[in-house]
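The chain contents come next:
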Amino acid sequence: MPLISDTFTEAADTALTSHTPDTGTSWVQIAIVGLSFIEIKAADDAIANDAADIGGGQFCKSQPDPSSAAYDIELKVNVTDTGTANRRVRIHGRTADVSNYYAVRFLPTGHASNDTQLIKKVAGTVTELATVDTGLIANDNFKLEIRDATKKVYKNSMEILSSSDNALTAAGSAGVSCGQVDDNDTGNAIAATWRWDNYVVTEAAGGSASVSPSVSPSASLSPSASVS
């Protein structure tokens, strides 16, 4: 059974931090830059930014925190940003604070860089662990699988990225963010274009084993690693 699940259903547009998930207790802000924030769009039953904000963003964690450091975080694309700007959205795990976490980072499909990146941020420094261009479309489901041995990213049950990095070992928190979330995370913007849905956090059985889906990775998706 999921520790947290959220279909982001509200009768009116509602700030994420004022919303209670379907399973779980709350959403709590970790950091915000500027005035724009993540909200639930009632017409779509999905999360998005409330408005455009160059150089702004928000980072929220779901509660309760996982009891072990081995867990999965899932999120589905409802509407894709097809622009070219640095309008990043992230799925986070093992979050200690705004300066320390693992994440899957997404960019608009028109951006010059790959649209899906596995990153870590340690003491404020972001390192890109693996990256791939997948061509994001509506209804794509992503999962960040966090284990001590590997961090893996799945798209529609297919493994597309992995890294053996284990710099952050505490369970921390799971969550989502968009845009620029601290002074070190410059060059980001946010817009109300993206829509995301079906957030799920599931603790791993036994706390450490990594179980891969039966679908084999596509040979056409060739991850690469780099440091930024």
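Residues numbered from 1 in each chain as written. Predicted model: local features only at pLDDT ≥ 70, side-chain atom pairs only at ≥ 80, totals over all residues. Heavy atoms only, no water.

A few words now on the sheet that holds strand β11 (residues 116-122). With antiparallel pairing, seven strands are arranged side by side in an open sheet as β3-β7-β16-β9-β10-β11-β12. Each end of this open sheet is capped by a strand with a single partner; those strands are β3 (26-33) and β12 (125-132). Averaged over neighbouring strand pairs, the angle between their axes works out to 20 degrees when direction is ignored. In this structure, β3 lies alongside strand β7 (residues 57-63), joined through seven bridges in antiparallel fashion. Counterpart to Gln29 in the pairing with β7 is Cys60. (Pairing = 2+ DSSP bridges. Helix = DSSP H or I, 4+ residues; strand = E, 2+ residues; numbered from the N terminus. Axes fitted to C-alpha atoms, helices over the stretch in contact; angles between N-to-C directions.)

This model, assessed by the stated rule, comprises nine salt bridges. The salt bridge involving Glu39 is made with Lys41; its shortest N-O contact spans 2.6 Å. Exposure remark for Glu39: the relative accessible area of 8% places this residue in the buried category. Salt-bridge contacts for Asp165 lead to Lys120; the nearest nitrogen and oxygen are separated by 2.7 Å. On the criterion of sequence distance, the pair formed by Asp165 in the loop between β15 (158-163) and β16 (173-179) and Lys120 in strand β11 is long-range, its members being 45 residues apart. Taking relative accessible area as the criterion, Asp165 reaches 17% and is therefore assigned buried. (Salt bridge = Lys/Arg side-chain N within 4 Å of Asp/Glu carboxyl O. Buried < 20%, exposed > 50% of the residue type's maximum accessible area, 1.4 Å probe, protein only.)

Spatial relationships are all this shows, so hold off on functional conclusions.
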